[in-house]
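In case you want the letters, here they are:
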Amino acid sequence: MRVATNAYTDSMLNQFNYLASQQNTLQSQASSGLAVQAPSDNPVAMQNTLNDLASNATQQQYSANISTLQTRADSIDNVLQSLQSISSQASDIATSAGSATNSQANLNTYADQVNQLINQVVTAANTQDSANGQYLFGGTASSTPPYTTTTDANGNVTAVTYNGNSTVNQSQVGSNLMATVDIPGANTDTTGAHGLITDQQSGADFLNHLISLRNDLEAGDTTSISSTDTANLQKDENNISYQVANNGVQQTLLTTAATFATNSSQTLNTMISNSSGADLVNTMVKLNQAQTAYQAALESGSKIMSLSLLNYMPS
Amino acid sequence: MLGLFGTLNLASRSLQTQMTGIEVTGQNLANVNTTGYSRQTVQISASPDISTNIGPEGTGADATSIQQVVSSLLNNQIQSQNSTSGYWNSQQSALQSAQNGLDEFLNGSGATSSTSATSNSTTDTGLDGQLSALFNAFQSVATSPTSVSARQALVGQAQTVAASFNTINTQLNNTKDSLNSSLTTDVSSANQLLTQIATLNGQISTAQFSGGNANDLSDEREQDLQNLSQLTNVTTTSGTNGAVNVTIAGQTLVSGNTVSDTLQTYDPGNGNLLVQTANGQVNLTLTGGSMQGTIDARDGTLATLQNNVNTLANSLITQVNTVHSGGYSLTGTSGNNFFNGTDAGTMTVNQALVNDPSLVQASGSATASGDNTVALQLAQLATTDQAGLNNQTFNDSYDSSVADLGSALDTANTQVTDQTAVTNMLATQRGSVSGVNVDEEMTNMMTFQRAYEASAQLVTTVNTLLGDTLSMKNS
């Protein structure tokens, strides 16, 4: 076949362009680690990668939610430990004071101790979340102190008012997994989350039971103390124990969810890598091949281009 | 018999003939790099012989014509393939512009494994990631419903999403405008080429009418036809005296040396320009070339993408507002929209929320600012299939649009690569027929040179013989 002189240069130019483009693509893949960077590179892989990236971001958000809830659960746990201690002290006082041999002076001393316990419980029930200043035990009405007190002339609490509600928030910690660590201060219904201080389902009413105990101590009514107050305080202690156990369950749930979110994230990263990642070895081998071909094209081109009949004609 | 003077005359004409050969060779060598040039050859024929009593005697040779070496079949194939190439090149260019406008790319920090590049730091640059971040910001508010900082982050992310929609809308509109401009430019170029072809037709006809050949003008016209065929699908028919008539979409626009009509763009009412004849105002249905590629890309993939993005924006605005307006803010206010606007171009975040993020209505209760019911509902929109989006989630719908665009551009890229191979092959084939080969021309030159030398030697010989003859008288 006849070959026009410019066919060499045209062909070489096309080949150079092709090889340069190939080298550019492979170099970009090697430096970014991605075989797919634009939708047109591989539309299906791009779609899968975008889906996986969105899922991964969601998993990371679940992890962030879990972290927030764990911090809150820890704060709640600290309060529960305090209340357990207070409840134990109150039960001890009730047991000791229930004996008919106690003098009124002893009972008054006990009453002073119970007043302190009442104040401690009110303080604990009004604990705020260190992260955002919200009250932990007001239900979803968390921006105002859940408990306010009425005091007598001596500053002793005579009544408490619960300002919160019995609703608790659910938070998403997995694709189909909700968690709640919040505890309302009171729940006077027979359904829903158990209240921390007042709970219809368990019969707990910690602050009012402490006030009754204090009043019975001041009145020297050891019969009521031994028959009624002790039993009531047991209900409160049981309720707090329930809350401690439930908090533990929720913390375990959060730990499990955190592990699942981390594992899911790792799996998604692998899927993203499989969909759009570049195989480094393969990429480097192809890059070397392209470079070798480019070198060969340059060398062969320069040899062909330097020759013509003119080289052999007498000047 | 020719006699000495007759032979001298033969030698003289032979010198002229070989000289013509050298001139044609020189013309070919001079045009070795001229685009569209077809090599020329000189046709040499033996001169008419004369009768003698010993039989017919030759009278030498004459250069009878200079002819182009062309293949009409190849030229027609090149024209046809140019239309296809022009179509896909313009599609590729338009869709690349749309892809850039969408700005949905993957970023990676490089290979981290010796066996495979683990792209655990892969991120996307576009709206997909922004949408995910928006719903995750709703999650953050749901987890900390009274946190003002979480609300500030949410409003900030919502502004980013709105800005991304606005930018995409602007970019796609710019792409559409630029495609309209490109179409107008193509039409103008086509009209200029039509005029040039008609002018060349006239010059070629004049040359041929007077019995000559207009080889270089034919090359020029062929180059114009090939350029025109890149713009649109062209049909050519032979006219009188070497003229070529040009028809586009059934309308004859060049007849001989006359441009019977030209092209112009017109707006059918939606701002998307189309092509019609200027005088007859006949709307044309083009079938190839960059003009139709531009129209198809603009009215096909780009229009669908714009529509999908607007539908997505509208659906997001509507769904978020429906849930949000039923909630309560930290201050107890209710009924406010989260987003303003109706589509990608007009979408903004409610300025009241921007000024005071505590007005984000995340609570489901007027009396419980710490309630997260509404925030949670908003966050869960991320995984809710939307009827207005073909029962896809917001992210899935957008990802489908991205994949559709990618697929269209991938097809265009493949077609351009294939067409490039085809046109290169045809160019090589045309070169093998019409292209200049320097070695061949140098060989021809030596042939003519040697023949010229021989003819010159003949003149010298006859001159010597004439001298001898004259010296016979003197001696």
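If you're wondering where the values come from, they're calculated on a predicted model, not measured in any experiment.

Residue and element names in this part refer to chain B. Membership of the largest hydrophobic core comes to 99 residues, with the highest contact counts inside it found for F138, V141, L194, I197 and A375. In terms of residue count, the dominant contributor to this core is helix 4 (residues 148-209) (19 residues). Not counting chain neighbours up to four residues away, the residues in contact with A375 comprise F138, V141, A142, P145 and A362.

Counting residues at the interface gives 61 residues for chain A, matched by 66 residues for chain B. When residues of the side of chain A that touches chain B are assigned to their parent elements, the largest contribution, 16 residues, is made by helix 2 (residues 43-97) of chain A. For the side of chain A that touches chain B, the per-class residue count stands at 26 nonpolar, 32 polar and three charged.

The next thing to look at is the environment of I211 of chain A. Residues and elements named next belong to chain A. With respect to the helices and strands, I211 occurs in helix 4 (residues 206-219). I211 sits in the buried class, given 20 other C-beta atoms within 10 Å. For the pair I211 and T151, spaced 60 residues apart in sequence, the C-alpha to C-alpha distance is 11 Å. Beyond its immediate stretch of four places on either side in the chain, I211 contacts I118, V157 and T158.

This brings us to the sheet that holds strand 9 (residues 251-255) of chain B. All names here are of chain B. The four strands lie next to each other as 7-8-9-10, forming an open sheet whose pairing is antiparallel. If you trace the sheet from one side to the other, it starts and ends with strand 7 (234-238) and strand 10 (258-259), each paired once. Sheet topology note: the strand 8 (residues 244-248)/strand 9 ladder contains three bridges and is antiparallel. Bridge pairing links I248 to Q251 in strand 9. On the sheet, helix 4 packs against strand 8, strand 9 and strand 10 and is oriented at approximately 45 degrees with respect to strand 9.

So, about unusual backbone geometry. Residue and element names in this part refer to chain B. Residue D103 is not a glycine yet carries a positive backbone phi of 55 degrees. Relative to the helices and strands, D103 is located in the loop between helix 2 (72-102) and strand 5 (106-107). Given 14 C-beta atoms within a 10 Å radius, D103 is considered partly exposed. Look at A249: it is not a glycine, yet its phi comes out positive at around 50 degrees. Note that A249 resides in the loop between strand 8 and strand 9. What makes A249 buried here is the crowd of 22 C-beta atoms within 10 Å.

The next thing to look at is the domain arrangement of chain B. All names here are of chain B. Domains assigned within chain B are domain 1 (3-69 + 435-474) and domain 2 (77-107 + 124-423). Taken over C-alpha atoms, the centre of domain 1 sits 64 Å from the centre of domain 2. Of the residues lining the interface, nine residues belong to domain 1; the matching set on domain 2 comes to six residues. Element by element, the count of residues in the side of domain 1 that touches domain 2 is highest for strand 4 (residues 61-68), at four residues. Looking at the side of domain 1 that touches domain 2, its residues break down into two nonpolar, seven polar and no charged.

Before going further, it helps to examine the sheet that holds strand 6 (residues 198-199) of chain A. Residue and element names in this part refer to chain A. Within the open sheet, the three strands sit side by side as 5-6-7. Their pairing is mixed. The open sheet has two edge strands with one neighbour each: strand 5 (186-187) and strand 7 (204-205). In the sheet, strand 5 pairs with strand 6 via two bridges, with the strands oriented parallel. Bridge assignment links N187 to a residue of strand 6, and that residue is D199.

What counts as what
- Residues numbered from 1 in each chain as written.
- Chains lettered and ligands numbered in written order.
- Predicted model: local features only at pLDDT ≥ 70, side-chain atom pairs only at ≥ 80, totals over all residues.
- Core = buried A, V, L, I, M, F, W, Y, C linked by C-beta atoms within 7 Å.
- Buried ≥ 20, exposed ≤ 12 C-beta atoms within 10 Å, placed from the backbone.
- Helix = DSSP H or I, 4+ residues; strand = E, 2+ residues; numbered from the N terminus.
- Contact = placed C-beta atoms within 7 Å.
- Nonpolar A, V, L, I, M, F, W, Y, C, P; charged D, E, K, R; others polar.
- Pairing = 2+ DSSP bridges.
- Axes fitted to C-alpha atoms, helices over the stretch in contact; angles between N-to-C directions.
- Domains from an automatic or database assignment.

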